[in-house]
Amino acid sequence: MSVLSLLTAPLTIWAVLALTPGVPAKDRSALCPPEPRESPAREAQWNRALNHLTVLGRSLPAAPDAQLWMPVDGVHVRDVADTWGAVREGARHHAGQDVFAPPGTFVRSSTTGVVWRIGSSVNGGQWVYVLGAGGRRYYYAHLGRVNRALREGQAVTSRTILGTVGNSGNAGATPAHLHFSVFTAYRPGEGCRFLAINPLPLLRDR
Ligand SMILES: [Zn+2]
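Residues numbered from 1 in each chain as written. Predicted model: local features only at pLDDT ≥ 70, side-chain atom pairs only at ≥ 80, totals over all residues. Heavy atoms only, no water.

Caption draft 1: Spatial organisation of the nonpolar core. In this structure, Met70, Val72, Val128, Tyr140, Leu178 and Phe180 are the most contacted members of the largest nonpolar core, which totals 28 residues. Elements with a minimum of two residues in this core: strand E8 (125–132), strand E9 (137–146), strand E11 (161–165) and strand E12 (177–183). Residue contributions to this core peak at four residues, all from E9. Those residues in contact with Leu178, other than ones at most four positions away along the chain, are Pro71, Val72, Gln97, Asp98, Val99, Val107, Tyr140, Ala141, Leu143 and Val165. Counting residues in hydrophobic clusters, the runner-up holds 19 residues, among them Ala49, Leu53, Trp116 and Tyr129. (Core = buried A, V, L, I, M, F, W, Y, C linked by side-chain atoms within 4.5 Å. Buried < 20%, exposed > 50% of the residue type's maximum accessible area, 1.4 Å probe, protein only. Helix = DSSP H or I, 4+ residues; strand = E, 2+ residues; numbered from the N terminus. Contact = heavy atoms within 4.5 Å.)

Structure representation (structure tokens):
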């Protein structure tokens, strides 16, 4: 990419967003990333997990966390380049933030909560989802390693190590980083199962 195109890239991104029909400016505060087509077995697994959220969230407060602790050790919030909504391959919009750190750096839960799912996928690589207060789901992806002691259904605090920074999934050609997404409470029948909000304004240094 030339220097000129690098300089103009952010402008282009926002021009594209502004010109996308049916997407008023105010609606960019939340994004509904397209979900990959899954096998029927995997889809059934997701549906079971989504239905299980209500049960899992019973012990958690009803109001979502007003602030989230920086999930990567040794990184300051001011060091995170805001890439919320940036256009990525396949015209997808970046529905989270990337926190760059050396591979192996500990990733901790941003909040108190319960481990919802531990798994892997083509794009996300190795990932952990934590269910937090208010039904919010926190997604930690591209992990190098998942904490072997971690189990689905386990309670976590903001000190719990979920895994380490890596570049698993579609981040193979990118320096190691945590992809961090925050999804609002799941509401059956609402259409978007994973409605993402920008984590950056909520993040705080530890
Ligand atoms: Zn990302």
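Caption draft 2: Local environment of unusual backbone geometry. Non-glycine residue Ala91 carries a positive phi angle of around 60 degrees. Positionally, Ala91 belongs in the loop between strand E3 (87–88) and strand E4 (92–93). Even without glycine at this site, His142 takes up a positive phi of about 65 degrees. For His142, a relative accessible area of 7% corresponds to the buried category.

Caption draft 3: Geometry of the state of the cysteines. The tally for this structure, following the rule as stated, stands at one disulfide. Here Cys32 pairs with Cys192 through a disulfide, and the sulfurs are 2.1 Å apart. Between Cys32 and Cys192 the sulfur-sulfur dihedral comes to about 110 degrees; the bridge is accordingly right-handed. In this pair, Cys32 is assigned in the loop between strand E1 (30–31) and helix H2 (40–56) and Cys192 in the loop between E12 and strand E13 (196–197), connecting sequence segments 160 residues apart. The buried category is assigned to Cys192, whose relative accessible area is 18%. (Disulfide = S-S within 2.5 Å.)

Caption draft 4: Examining the pattern of salt bridges more closely. With the rule as written, the count across this model stands at five salt bridges. The closest approach of N and O atoms between Glu43 and Arg193, which form a salt bridge, is 3.0 Å. Separated by 150 residues along the polypeptide, Glu43 in helix H2 and Arg193 in the loop between E12 and E13 bring together distant segments of the chain. Here Arg193 falls in the buried class, since its relative accessible area comes to 15%. In this structure, Arg88 engages Asp98 in a salt bridge whose closest nitrogen and oxygen atoms are separated by 3.6 Å. Of this pair, Arg88 sits in strand E3 while Asp98 is found in strand E5 (residues 97–100), placing the two residues 10 residues apart along the sequence. A residue is classified by how much of its surface remains accessible, and Asp98, at 8% relative accessible area, is buried. Salt bridges linked by common partners bring Glu35, Glu43 and Arg193 together as one network. (Salt bridge = Lys/Arg side-chain N within 4 Å of Asp/Glu carboxyl O.)

Caption draft 5: Quick peek at the coordination of the zinc ion. In this structure, His94 (NE2), Asp98 (OD) and His179 (ND1) serve as the protein donors to the zinc ion, at separations of 2.0 to 2.1 Å. Spacing between the donor residues of the zinc ion along their common chain follows H-x3-D-x80-H. With Asp98 in strand E5 and His179 in strand E12, the pair connects residues that are 81 residues apart, well separated along the chain. Relative accessible area serves as the criterion here: at 11%, His179 is assigned to the buried category. (Donors = N, O, S within 2.8 Å, 3.2 Å for Na, K, Ca; no water.)

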